Amino acid sequence: MIDGVSVKKIVKHCDDRGFFAELVRDDEQLLERFGQASWSMSYPGVIKAFHYHEKQDDLWFFPAGHAQVVLHDLRGESPTKGQTNVFYMGVENPILLLIPKGVAHGYRVLGNEPATIIYFTTESYNRQQPDEKRIPWNDPQIGFDWETKNR
């Protein structure tokens, strides 16, 4: 796994009324600090990739739909520089994914339903000076093949 990336499996407590699950707790120290929580939805087949941050970490959760999440380590000093990780997140695999600053990230919505992402960041968004560096989804240096392989 890419250095600094962390996965937290979400535990659902189910009964005849439904379920309850904790997402983020202050005693877990997943985030260095709280900056902002955001909520977004993307339609089936959409690819939102790639970007990275210089100042903030992201913590991603997909409560609805399914997503193929791709991370690529751009950090020059990292022992995992140049490595790519893929995670399948969503309603069937409820996990939180911590993405450190300097790691490019993006996702593709899988299936026939929209995907919803809730994400937490260590910095608030600054419209005048956004901490968001863009890389094309098909960047040859990352070289990720987004196509589904029929097996």
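Everything below is about the structure printed above this text.
Residues numbered from 1 in each chain as written. Predicted model: local features only at pLDDT ≥ 70, side-chain atom pairs only at ≥ 80, totals over all residues. Heavy atoms only, no water.

Trainee: When you look at the packing of aromatic side chains in this model, what are you seeing that I'm missing?
Mentor: The description of an aromatic ring pair rests on the distance of the ring centres and on the angle between the ring planes. In this structure the tally under the stated criterion is 5 aromatic pairs. Arranged with centres 4.9 Å apart and planes meeting at 80°, the rings of Phe144 and Trp146 form a pair that is edge-to-face. Trp146 shares its class with Phe144; the two are buried. Taken together, the ring pairs connect Phe50, Phe144 and Trp146 into an aromatic cluster. One Lys or Arg, Lys12, reaches over the ring of Phe19 and ends 4.4 Å from the middle of that ring. (Phe/Tyr/Trp six-rings, centres within 6.5 Å; stacked < 30°, edge-to-face > 60°. Buried < 20%, exposed > 50% of the residue type's maximum accessible area, 1.4 Å probe, protein only. Lys NZ or Arg CZ within 6 Å of the ring centre and 35° of its normal.)

Trainee: I would appreciate a short explanation of the pairing of strand β10 (residues 103-110) in the present structure.
Mentor: Residues in a regular strand project their side chains so that they alternate between the two faces of the sheet. Of all 8 residues in β10, 7 are buried, a share of seventy percent or more. Where strand β5 (residues 47-52) and β10 come together, 3 bridges link them in antiparallel fashion. Note on β10: the bridge partner recorded for Ile47 is Arg108. When strand β7 (residues 66-73) meets β10, the two strands line up antiparallel, connected through 8 bridges. Across the sheet, Val69 pairs through a bridge with Tyr107, a residue of β10. (Helix = DSSP H or I, 4+ residues; strand = E, 2+ residues; numbered from the N terminus. Pairing = 2+ DSSP bridges.)

Trainee: Got a minute to help me understand the nonpolar core in this structure?
Mentor: Generally speaking, nonpolar side chains in soluble globular proteins are found buried as a group. Counting 17 residues, the largest nonpolar core has Trp60, Phe62, Val69, Leu71, Met89, Leu97 and Tyr107 as the members making the most contacts within it. Only β6 (58-64), β7, β8 (84-90), β9 (95-99), β10 and β11 (115-121) provide two or more residues apiece to this core. Dropping the residues within four chain positions of it, Leu97 is found in contact with Val5, Ser6, Val7, Asp58, Leu59, Trp60, Val69, Leu71, Phe87 and Met89. (Core = buried A, V, L, I, M, F, W, Y, C linked by side-chain atoms within 4.5 Å. Contact = heavy atoms within 4.5 Å.)

Trainee: Honestly, the sheet that holds β10 in this entry has me stumped. Any pointers?
Mentor: Where strands meet in a sheet, backbone hydrogen bonds hold them as pairs that are either parallel or antiparallel. If you trace the 5 strands from one edge of the open sheet to the other, you get β8-β7-β10-β5-β12, paired in antiparallel fashion. Of all the strands in the sheet, just β8 and β12 (133-134) have a single pairing partner and so form its edges. For β7 and β8, the ladder comprises 7 bridges, and the chain directions are antiparallel. Across the sheet, His72 pairs through a bridge with Thr84, a residue of β8.

Trainee: Would you explain the side chain of Thr122 in this entry?
Mentor: Within the secondary structure, Thr122 is located in the loop between β11 and β12. A distance of 2.9 Å separates a polar atom in the side chain of Thr122 from the backbone nitrogen of Asp57. (Polar contact = N/O pair within 3.5 Å; in protein donor to acceptor, adjacent residues only side chain to side chain.)

Trainee: I'm lost on the sheet that holds strand β4 (residues 36-42) in this one. Help?
Mentor: The 5 strands are arranged β1-β9-β6-β11-β4 in an open sheet whose pairing can be described as antiparallel. If you trace the sheet from one side to the other, it starts and ends with β1 (6-9) and β4, each paired once. Along the sheet, successive strands turn relative to each other by an average axial angle of 20°, direction set aside. As paired strands, β6 and β9 are joined by 3 bridges and run antiparallel to one another. The residue bridging Asp58 from the neighbouring strand is Ile99, located in β9. (Axes fitted to C-alpha atoms, helices over the stretch in contact; angles between N-to-C directions.)

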